[in-house]
Amino acid sequence: MEICPGIYTRSGWEIEERSFKAHRFADQGTIFLVGNGHLGYRGTFSDWEADRFVALTVAGTYHTARQGWPELVTAPNPLFTRLLQNGGIVSPLNRPLQKYLYRLDLSCGLLVRSMIFRTEEGDVLELEEERFASIHCLPLLHTRLKVRLKKGGPLTLDTGIDSVVWSLHGKHFTEWNLTERDHGMLTASASTPEGKLSLSVAEGCNIVGTSPLQKRIIREDGKLLRRFSCVLAPGGEIIIEKTAAVMSTFDSPHPYQEACSLVHAAMQKSFEQSLEQQRSSWAEKWKRMDIAIEGDLRAQAALRYCLYHNLIAAPFHTDRLPLGARGLSCQAYQGAAFWDQEVFNLPVFCHTMPEVARNLLVFRHRTLPGAREKAKRLGYRGAFYPWMSGESGEELCPSYFFTDPLTGRSLRNHFNDWQIHISPDISWAIWKYWETSGDNEYLSQHGAEILFEVARFLTSFLYLRTNTGTLHGVRVLGPDEWHENVDDNAFTNYMVRFALEKAALIWKWMEVNAPRKLADLMSSHNFTPDEAVQWKEDAAHVFLPTPHPASGLIEQFRGYFDLEDIDPINLSKRLLHPDEYWGWPAGIAVETQVTKQADVLQLFSMDKTLFDPYIWESNYLYYEPRSSHHSSLSYFAHALVASWIGRTDEAYSYFTRCTTVDLCSSQNPVVGGTFIGGIHTAACGAAWQIAVRGFAGCEINRQGLAFSPSLPKRWTSITFPLCWQGCHLLIHVEKSMVRATSAPGNAQQVPLRVTNREKMLHPGETWECRR
């Protein structure tokens, strides 16, 4: 089954590329990524080098190169392996292929490359490479390479470490120290020039051959390699099994010693034993995350692909790291957390793996000092969170992000100082997590402080109009990033009100449930009961753009309806250069109603109860044709709202675009002269939400679970696990039936509602409701 051009699936548990296309090496590296939350290794061939975007990106390794931006560093490639015959590299770039298959097994994160070459001598050479990033021991990478020669003959195999890395914004390390250690282990280690970050890579290998091997160590062009030479008998085979470890001072004060120790221990196991452990570890994760679709293999594979990337981007192992907008697929967006983390990714984990959601929100508490510092620097009080946040909480978003291709001049954008909705978005996420997890400990020890600081920031940011007594958001930037410097953006103002209301409510909750912690916060940060009263009063006075009484339309921001009304296709004809940035300050979309992505519709996705279905539909019909979808985030809100208003075919179309944005490489990796390629992790999180909240019609809050399904025509059913207040459920939805099963070990009943029927589901009970 073809998912999109050149990408296939057989069972829905794998994606495959069946013909080699040399020009797609950048996309291929992204699509076939393996990772585990600690590292991401791009899906490039083992003999490729930095010029083909080979990258091993390591979590927690933020550093700024000279004249560059802060970003995660890329480590030396410890899986570098090349095969030589008659002095030439055996590669599809220079040898004819009889067979080619590149397959990513989503069930266990195993990447397999199979190729059959016709040699110059008329022989048949078979090559198979397998690779995975360990889920059981996160610093480890494993690979196995098999080479067979039908008629036999001489072969040379080089394998080791390539220290020449692809880096987007400059050189991060001093020269790499490449060494050979005991037991044939190879290592690479280096520190940043100022010595704040050290990184080490260790690699070991075992080789099994049917012919005697000669070995020697060679150094060339930043590589430290073992060179094995042999003469294979007819039908002879060489098998190489490699294990590598990557550690930094973010992980350990002694990364070099620990990397070597990990490799030494792992080499006591065979590749097959490590792979079996990998399969078992992944099976446990899929039990809690998988969504099974009956009747649509294409959608099944694409959705599982997104879930796979949700899993390998997530910091399961620590609460010191974010889930970056490109995960660990490359350095684009600097490994930083945006609003994507809270709005698109976190709901997935809230309802499947709440411990991961908690990690992400503890991370926001750890970075609260940086948010306070940003607010202070800009003249506000409280916490103004960075638009792009790394481990320290400092603002990573540069003021000059894009370059005008016509003039070569940098463009000043205000993502980092006008896009204030990032702070109330985090308040929203904390509230949603608390509602569905019941985690009072997190709320009292971490969440409340964030809510209070965000509310304090918002009261210092809002402008009071004395003639109306209303509070306004002035000079802001909403989700539609092309329209900067606007007033009263609807999404922003509604989120501001939400954050102020919830902060006031949680103050009352803390008075009853955590008075000692509240007293600590009052003492350490000068919060007062009067301030909490002010939050409630301010919430009631925030100006909220309301639906027009006749049309039902909500104006995206003040003056939006006065802008030129033109569709994206006709607007694009005004471009003077294909790489022009469309947005503020002088892009072609600024004075028009064409949006980069969903804005008003994004508001609907945050709270389904804000407006009636008539309002959803009126605004969907108006804003949908005016959205250019130049952001992968846009598909989510359009799919969700379309599913709610019964436009299931349109919702399915947007769902398909969302789930295949990376598989089909449909987003331009370079915008305004800046590389922003890699995996779109927010779209991966959005895919889960569209399937569960959209097509299955599931809404989850403190009152329980409610279902109002609207399955696509091709889907017979959808089945998925959910977690609510510590209870685990299995949900099965068909077009006319919903079935929920509560795990026997659940500690309480779960309130359910299907359309207008309600049920308290007991532990171990199954309820089937036909509509």
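Further up the page is the structure itself.
Below or above, wherever it landed, is the structure these notes cover. Being a predicted model, the structure only gives us computed values, none of them experimental.

### A word on the overall build of the protein
Across its full length, the protein carries 18 helices and 35 strands. Against the globule reference of 28 Å for 771 residues, the protein gives a C-alpha radius of gyration of 27 Å, in line with a compact fold. Principal axes of the C-alpha set define a box for the protein whose edges measure 90 × 60 × 60 Å. Burial analysis of the protein (771 residues in total) assigns 63% to the buried set. Carbon together with sulfur atoms contributes 49% to the accessible area of the protein, which is approximately 28000 Å² in total. Distance from the positive charge centre (77 side chains) to the negative charge centre (85 side chains) of the protein: 3 Å.

### Focus on the pattern of salt bridges
What the rule picks out here adds up to 44 salt bridges. Between Arg-148 and Glu-237 there is a salt bridge whose closest N-O contact spans 2.7 Å. One end of the pair, Arg-148, is in strand β13 (residues 140-149); the other, Glu-237, is in strand β20 (residues 236-248), and 89 residues separate them in sequence. Measuring nitrogen to oxygen at the nearest pair gives 2.7 Å for the salt bridge that ties Glu-175 to Lys-171.

### Considering the sheet that holds strand β5 (residues 39-41)
One open sheet accounts for four strands, arranged β4-β5-β6-β7; its pairing is antiparallel. Every other strand in the sheet has two partners, leaving β4 (34-35) and β7 (70-75) as the edge strands with one partner each.

### A closer look at the sheet that holds strand β32 (residues 737-742)
What the five strands build is an open sheet, ordered β21-β30-β31-β32-β35; its pairing is antiparallel. Of all strands in the sheet, those with a lone pairing partner are β21 (292-294) and β35 (766-770), marking the two edges. The sheet shows a mean angle of 20° between the axes of neighbouring strands, direction not considered. Two elements, strand β30 (residues 717-724) and strand β31 (residues 727-734), share eight bridges in a ladder whose sense is antiparallel.

### With respect to the nonpolar core
By size, the foremost hydrophobic cluster in this structure holds 247 residues, and its most contacted members are Ile-291, Phe-452, Ile-506, Trp-535, Phe-604 and Phe-720. With residues near it in sequence (within four places) discarded, Phe-720 still touches Asp-290, Ile-291, Val-692, Ala-696, Phe-707, Leu-729, Leu-730, Ile-731 and Val-733. Listed in part, the eleven residues of the second largest apolar core include Cys-137, Met-185, Ala-202 and Val-263.

### A short note on the pairing of β13
The element β13 is largely enclosed, with a buried count of nine among its ten residues. When strand β12 (residues 124-133) meets β13, the two strands line up antiparallel, connected through nine bridges. When the bridges of β13 are listed, Glu-129 appears paired with Leu-145. Bridging between β13 and β20 involves ten bridges; their strand directions are antiparallel.

### Structural notes on the packing of helix α3 (residues 271-289) against helix α4 (residues 297-313)
The geometry of α3 relative to α4 is characterised by a closest axis approach of 11 Å and an angle of 115° between their N-to-C directions. For α3 against α4, the interelement crossing comes out right-handed. Residue-level contacts link Trp-282, Lys-285, Trp-286 and Met-289 of α3 to Arg-304, Leu-307, Tyr-308, Leu-311 and Ile-312 of α4. Taken together, the residues that form the contact of α3 with α4 break down as seven nonpolar, no polar and two charged.

### Side note on the environment of Phe-316
Structurally, Phe-316 can be placed in the loop between α4 and α5 (339-350). The contacts of Phe-316, once residues within four sequence positions are left out, are Lys-285, Leu-311, Phe-349, Met-353, Val-356 and Asn-359.

### Structural notes on the side chain of His-142
Along the chain, His-142 falls in strand β13. Under the relative-accessibility criterion, His-142 is labelled buried at 3%. A polar side-chain atom of His-142 sits 3.3 Å from a polar atom in the side chain of Thr-243. Residues in contact with His-142, not counting those within four places in the same chain, are Glu-130, Arg-131, Phe-132, Ser-134, Lys-242, Thr-243, Ala-266, Phe-271 and Ser-274.

### Quick look at the packing of helix α17 (residues 648-659) against helix α18 (residues 681-695)
At a minimum axis separation of 9 Å, α17 and α18 run at an interaxial angle of 155°. Here α17 is positioned roughly antiparallel relative to α18, judged by the angle of their axes. Seen from above, α17 lies across α18 with left-handed handedness. Contacts between α17 and α18 involve Thr-648, Ala-651, Tyr-652, Phe-655, Cys-658 and Thr-659 on the former and, on the latter, Ala-683, Ala-686, Ala-687, Ile-690, Ala-691 and Phe-695. Residues that form the contact of α17 with α18 fall into these classes: ten nonpolar, two polar and no charged.

### Details of unusual backbone geometry
The omega torsion across Trp-584 and Pro-585 is 15°, close enough to zero to call that bond cis. Mapped onto the elements of the fold, Pro-585 is located in the loop between α13 (568-572) and α14 (600-606). Phi is positive for Asp-221, close to 50°, though the residue is something other than glycine. Looking at the element boundaries, Asp-221 is found in the loop between β18 (213-220) and β19 (223-232). Even without a glycine there, the phi angle at His-629 is positive, about 55°. Residue classification places His-629 among the buried positions, given a relative accessible area of 8%.

### Some thoughts on the pairing of β32
The sheet contact formed by β31 and β32 spans six bridges and is antiparallel. Residue pairing across strands places Leu-729 opposite Ser-742, the latter belonging to β32. In this sheet, β35 lies alongside β32 in antiparallel orientation, the contact comprising five bridges. Of the residues in β35, the one forming a bridge with Arg-739 is Glu-768.

### Brief notes about helix α16 (residues 634-644)
The buried fraction of α16 is high, at eleven of eleven residues. Of the positions making up α16, those classed as buried are Ser-634, Tyr-635, Phe-636, Ala-637, His-638, Ala-639, Leu-640, Val-641, Ala-642, Ser-643 and Trp-644. Summarising the contacts, the buried residues of α16 are in contact with α5, α14, α15 (613-623), α17, α18 and β28 (698-701). Just beyond α16, the residue with positive phi is Gly-646, at close to 85°.

So, how was this worked out
- Residues numbered from 1 in each chain as written.
- Predicted model: local features only at pLDDT ≥ 70, side-chain atom pairs only at ≥ 80, totals over all residues.
- Heavy atoms only, no water.
- Helix = DSSP H or I, 4+ residues; strand = E, 2+ residues; numbered from the N terminus.
- Rg over C-alpha atoms; globule rule 2.2 N^0.38 Å.
- Buried < 20%, exposed > 50% of the residue type's maximum accessible area, 1.4 Å probe, protein only.
- Areas by Shrake-Rupley, 256 points an atom, 1.4 Å probe, with all protein chains shown as cover.
- Lys, Arg positive; Asp, Glu negative; His and termini not counted.
- Charge placed at Lys NZ, Arg CZ, Asp CG, Glu CD.
- Salt bridge = Lys/Arg side-chain N within 4 Å of Asp/Glu carboxyl O.
- Pairing = 2+ DSSP bridges.
- Axes fitted to C-alpha atoms, helices over the stretch in contact; angles between N-to-C directions.
- Core = buried A, V, L, I, M, F, W, Y, C linked by side-chain atoms within 4.5 Å.
- Contact = heavy atoms within 4.5 Å.
- Left-handed = near helix turned anticlockwise from the far one by under 90°.
- Nonpolar A, V, L, I, M, F, W, Y, C, P; charged D, E, K, R; others polar.
- Polar contact = N/O pair within 3.5 Å; in protein donor to acceptor, adjacent residues only side chain to side chain.
- Parallel < 35°, antiparallel > 145°, perpendicular 65-115°, else oblique.

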